Amino acid sequence: MDTFQPEKPVSAPVVSGLVENVTYDEITIGQTASLSRVLDHKDIELFARVSGDTNPAHLDAAYAAETIFKGVIGHGIWSASIVSAVLGTCLPGPGAIYLSQDLRFRRPVRPGDRITATVTAKEKRDDKKIVVFGCEVVNQTGEVVLSGDATVIAPSHKVIRPRIHLHELRVLDHAGHDALLAKCQGLEPIRAAVVFPTDEVSLRGAVEAADAGLIVPLLVGPETVIRAVAERHGLDLSAAVIVPAADPVTAATVSVGLVRDGQAEALMKGNLHSDILLGEVVRRDSGLRTGRKVSHVFVMHVPGRVSPLLVTDAAVLMYPTLDEKVDIAQNAIDLAHVLGIDVPRVAVLSAVETVSSKIPSTLDAASLTVMAARGQIRGAVVDGPLAFDNAVDPEAARIKGIKSEVAGRADILLVPNFEAGNMVAKELSKIAQADGAGVVMGARCPIVLTSRSDDERTRVASCAVAVLVAHARRGG
């Protein structure tokens with residue numbers, strides 16, 4: 001049996017683009033290999049998700065500040081996993097079988113720390129090709145954070161294979177939702193009429209929006225049902241006012257009346273069909289009409305984009321005429337201004353970027369472009385027709401030779417009809433993992449018109465948009 005004798009370490013072989021193991025016969029006592037990693041918050045969250053270890057010492061900054069560590073620390077086993085990575089990829093590498101480990105955790109590892117894990121061959125057992133490695137992990141200042149031994153069966157046969165490159169993982173942290181909530185910091189909550197909140201999702205959304213300091217909810221519906229839902233799901237209604245209404249139609253009528261009388265500054269759809277609510281909103285004698293058609297605007301925070309991408313109309317006007325598209329565009333532009341986009345770029349979408357009499361949406365797009373140039377659409381740069389790719393991707397616009405202030409840099413996507421818009425918004429949400437929110441514009445107040453499948457975060461984010469619109473109108 002060979003035992004450890006101090007000598008000049010010999011690093012494990014490294015071949016660029018390849019992973020190569022070190023067989024039992026090739027391993028020499030004192031041979032070493034190392035790997036370094038920097039711990040960040042995303043590593044901690046990913047490790048918690050994979051392991052299920054959601055100890056608040058790793059994830060909750062407020063809690064961690066009160067512990068002996070005075071801040072968030074990484075999982076100890078994360079540091080140990082870097083030791084495993086050295087053994088599995090460097091020394092001995094592929095073919096090694098991890099038998100046991102005896103590790104001692106010396107110091108915490110914090111976000112931003114660079115740690116280096118080193119393994120050193122200290123004992124070989126010829127009978128079973130077992131190698132004992134001394135393991136040490138140090139931080140960027142040389143302090144030991146972990147030490148101990150690992151025992152492995154070393155590989156007998158040589159392995160040289162292409163190194164596997166993993167796809168980058170992205171932790172979805174709802175930065176878009178957080179950005180909307182941040183814009184509302186310091187703003188007074190608005191009174192919002194929540195129309196017929198008789199199910200958990202709509203009632204919880206209203207309660208959480210109130211908890212976030214966004215709204216004072218006026219719950220319009222049958223009091224006994226609302227209180228029963230709240231009790232069943234543990235929802236606190238102490239911040240809410242219940243306004244009695246026996247059925248969805250009555251609730252819609254009463255809610256619109258609250259806005260018209262100045263008792264509410266926004267509407268929020270509950271457990272009723274959108275047609276019922278919007279029917280009351282656009283009613284000629286008692287509704288909330290302005291000089292424009294009402295239209296819906298999705299506010300999508302797409303990973304990789306600095307500013308939100310607005311998609312309209314994907315929920316209200318199904319097959320809009322050219323005149324209706326003028327209102328759709330102006331509603332979205334007004335919302336973009338509220339969100340801080342001073343001169344939004346509006347891409348009028350079609351399937352192609354050239355005008356064709358065979359594709360009516362290209363004719364509408366060309367007309368809207370001219371109308372904007374002549375001041376019939378204000379406060380934005382409008383161009384179309386543009387296809388989706390060359391509206392949002394500068395390289396696609398360059399390849400196709402499109403010279404435009406909008407192409408590749410659109411802030412607003414004006415879609416041909418609600419079918420196209422609905423698909424675009426849902427693809428951004430489900431495939432691109434965009435944070436979504438939405439609001440109806442063009443009425444005397446913003447209207448939160450969420451889908452039944454929207455979660456509470458989306459409902460709260462949509463309330464944040466409504467708050468920003470309501471406050472902008474106060475200032476106007």
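It should be noted that the structure appears before, not after, this text.
As a convention, each chain's residues are numbered from 1 in the sequence order in which they are written. Only residues with pLDDT of 70 or above have their local features reported here, since the model is predicted, and side-chain atom pairs are shown and tallied only from 80 upward, although totals for entire chains, interfaces and linings are computed over all residues. Calculated side-chain values reflect all of the structure's heavy atoms, with hydrogen atoms and water omitted.

1. So, helix α10 (residues 322–338)
Argument step 1. Numbering of helices and strands runs from the N terminus, with a helix taken as a DSSP run of H or I at least four residues long and a strand as a DSSP run of E at least two residues long. A helix is expected to span 1.5 Å multiplied by its residue count minus one. For α10, spanning 17 residues, the distance from its first C-alpha to its last is 25 Å, which sits close to the expected 24 Å at 1.5 Å a residue.
Argument step 2. Whether a residue is buried, partly exposed or exposed follows from its accessible area with a 1.4 Å probe, protein chains only, as a fraction of its type maximum: under 20%, in between, or over 50%, in that order. Summarising burial for α10: 12 of the 17 residues are buried, a large majority.
Argument step 3. Within the span of α10, buried status applies to Glu324, Lys325, Val326, Asp327, Ile328, Ala329, Gln330, Asn331, Ala332, Ile333, Leu335 and Ala336.
Argument step 4. Two residues or fewer past α10, Gly340 is found with a positive phi of approximately 95°.

2. Structural notes on the nonpolar core
Side chains of a nonpolar character, in soluble globular proteins, are inclined to be buried together.
Argument step 1. Remark: nonpolar core denotes a set of buried residues (Ala, Val, Leu, Ile, Met, Phe, Trp, Tyr, Cys) joined through side-chain atoms within 4.5 Å. Within the largest apolar cluster, 85 residues are counted, with the highest numbers of intra-cluster contacts made by Leu214, Ile215, Leu267, Leu277, Leu335 and Ile447.
Argument step 2. The biggest single contributor to this core is helix α15 (residues 456–475), with 10 residues.
Argument step 3. If we skip the residues at most four places from it in the chain, Leu214 touches Leu181, Cys184, Pro189, Ile190, Ala209, Val460, Cys463, Ala464 and Val467.
Argument step 4. Counting residues in hydrophobic clusters, the runner-up holds 31 residues, among them Ala64, Leu91, Val109 and Phe133. The contact criterion used throughout is that any non-hydrogen atoms of two residues lie within 4.5 Å.

3. Comments concerning the packing of aromatic side chains
Argument step 1. For Phe, Tyr and Trp, rings pair up if their centres lie within 6.5 Å, where Trp contributes its six-membered ring, and each pair is then called stacked (planes under 30 degrees apart), edge-to-face (over 60) or tilted (otherwise). Going through the model one piece at a time under the given rule, you end up with one aromatic pair.
Argument step 2. With a centroid separation of 5.9 Å and an interplanar angle of 85°, the aromatic rings of Tyr319 and Phe418 are classed as edge-to-face. Taken together, the positions of Tyr319 in the loop between β14 (309–312) and α10 and Phe418 in helix α14 (residues 418–430) put the pair 99 residues apart, joining distant regions of the chain.
Argument step 3. Here Phe418 falls in the partly exposed class, since its relative accessible area comes to 23%.
Argument step 4. Over the aromatic face of Tyr24 sits the side chain of Lys124, whose NZ or CZ is 4.4 Å from the ring centroid. By the criterion adopted, a ring carries a charge over it if an Arg CZ or a Lys NZ lies within 6 Å of its centre and within 35 degrees of its normal.

4. A word on the pattern of salt bridges
Note on pairing: side chains with opposite charge can pair once their charged atoms come close.
Argument step 1. Any carboxyl oxygen of Asp or Glu that lies within 4 Å of a side-chain nitrogen of Lys or Arg is treated as forming a salt bridge with it. Under the counting rule described, the total for this entry stands at 19 salt bridges.
Argument step 2. Linking Glu123 and Arg125 is a salt bridge whose minimum nitrogen-to-oxygen distance equals 2.9 Å.
Argument step 3. Under the relative-accessibility criterion, Glu123 is labelled buried at 17%.
Argument step 4. Here Glu265 ties to Arg474 by a salt bridge, and the two come within 2.4 Å at their closest N and O atoms. You can see Glu265 sitting in the loop between α8 (248–260) and β12 (266–269) and its partner Arg474 sitting in helix α15, a full 209 residues away along the chain.
Argument step 5. Overall, Arg474 belongs to the partly exposed group, its relative accessible area being 40%.
Argument step 6. Shared partners join several salt bridges into a network, and the residues in it are Glu20, Glu26 and Lys158.

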